[in-house]
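Okay, here's what each chain looks like letter by letter:
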Amino acid sequence: MSMQIDYLRVALSLALCLGLGVAAIFLLRSRFRGLSVGPARDLALLESLRVDPRTAVHVLAYQDQRLLLTTRDNAVHVTVLPAGAPAPVASAQPHDAGAQPASHDASDGAPAP
């Protein structure tokens, strides 16, 4: 008993499956067009800083607000920065080579003599 393959039937089945797939894609695209993710126009990442391997700090601008996001492990802490506050700038303090750094006594918090 030998089986013969009907190539016309296989080609028509393949064409029908491809046509159904293309129709489903177009239907889904038209139905969910408003849910597509595009570039955010009101949101901008201003700066990011990795504090340690598990902690990062991000400054975001959203519309007219600035947000400070602190992420650690699976937690996110959001702080709204005041509108008139200048952005913090990390700068190194000049160190006088001849001056001794102030040492503190742990018992009362006053500088050691």
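Being a predicted model, the structure only gives us computed values, none of them experimental. (Residues numbered from 1 in each chain as written. Predicted model: local features only at pLDDT ≥ 70, side-chain atom pairs only at ≥ 80, totals over all residues. Heavy atoms only, no water.)

(A) Looking closely at the overall build of the chain. The helix and strand inventory of the chain stands at 1 helix and 4 strands. Sequence-ordered secondary structure for the chain, helices as α and strands as β, is α-β-β-β-β. Counting all 113 residues of the chain, 6% fall into the buried class. Sequence-distant contacts in the chain: of pairs separated by 6 or more residues, those separated by 24 or more amount to 0%. Carbon and sulfur atoms form 62% of the exposed surface of the chain, whose accessible area is close to 10600 Å². (Helix = DSSP H or I, 4+ residues; strand = E, 2+ residues; numbered from the N terminus. Buried < 20%, exposed > 50% of the residue type's maximum accessible area, 1.4 Å probe, protein only. Contact = heavy atoms within 4.5 Å. Areas by Shrake-Rupley, 256 points an atom, 1.4 Å probe, with all protein chains shown as cover.)

(B) Here's a closer look at the sheet that holds strand β3 (residues 65-72). With antiparallel pairing, 4 strands are arranged side by side in an open sheet as β1-β2-β3-β4. Edge positions in the sheet fall to β1 (43-52) and β4 (75-81), since each of these pairs with one other strand and no more. Each adjacent strand pair in this sheet contributes to an overall mean axis angle of 20°, direction not counted. Pairing geometry for β1 and strand β2 (residues 55-62), over 8 bridges, is antiparallel. The residue bridging Arg50 from the neighbouring strand is Ala56, located in β2. (Pairing = 2+ DSSP bridges. Axes fitted to C-alpha atoms, helices over the stretch in contact; angles between N-to-C directions.)

(C) Focus on the pattern of salt bridges. Overall, the coordinates contain 2 salt bridges when judged by the stated rule. We note a salt bridge from Arg72 to Asp52, for which the minimum N-O separation is 3.7 Å. With Arg72 in strand β3 and Asp52 in strand β1, the pair connects residues that are 20 residues apart, well separated along the chain. Since its relative accessible area comes to 28%, Asp52 is described here as partly exposed. Residues Arg54 and Asp73 are paired through a salt bridge, measuring 3.3 Å at the closest nitrogen-oxygen approach. Within this pair, whereas Arg54 is found in the loop between β1 and β2, its partner Asp73 is found in the loop between β3 and β4, the two being separated by 19 residues in sequence. On the basis of relative accessibility, which here comes to 53%, the residue Asp73 falls in the exposed class. (Salt bridge = Lys/Arg side-chain N within 4 Å of Asp/Glu carboxyl O.)

(D) Representation of unusual backbone geometry within the structure. For Gln63, which is not glycine, the phi torsion reads 50° and is therefore positive. Mapped onto the secondary structure, Gln63 falls in the loop between β2 and β3. One non-glycine residue, Asp73, lies in the positive phi region at around 50°.

(E) Focus on a nonpolar patch on the surface. The grouping of Ile5, Tyr7 and Val10 at the surface amounts to a nonpolar patch, some 360 Å² of accessible area in total. Looking at the element boundaries, Tyr7 is found in helix α1 (residues 7-31). The class of Tyr7 is exposed, set by a relative accessible area of 62%. (Patch = residues over 30% accessible without salt bridge, like charges linked within 9 Å, V, L, I, M, F, W, Y side chains within 5 Å.)

(F) A look at the pairing of β3. Taken together, the 8 bridges between β2 and β3 define a ladder with antiparallel strand orientation. Opposite Thr55, over in β3, you have Arg72 as the bridge partner. Connecting β2 to the antiparallel partner β3 that follows it, the hairpin turn spans 2 residues, and Gln63 within it adopts a positive phi of roughly 50°. With 7 bridges joining them, β3 and β4 adopt antiparallel strand pairing. By the bridge assignment for β4, Leu67 is matched with Val80. What sits between the antiparallel neighbours β3 and β4 is a turn of 2 residues, in which Asp73 has the positive phi angle 50°.

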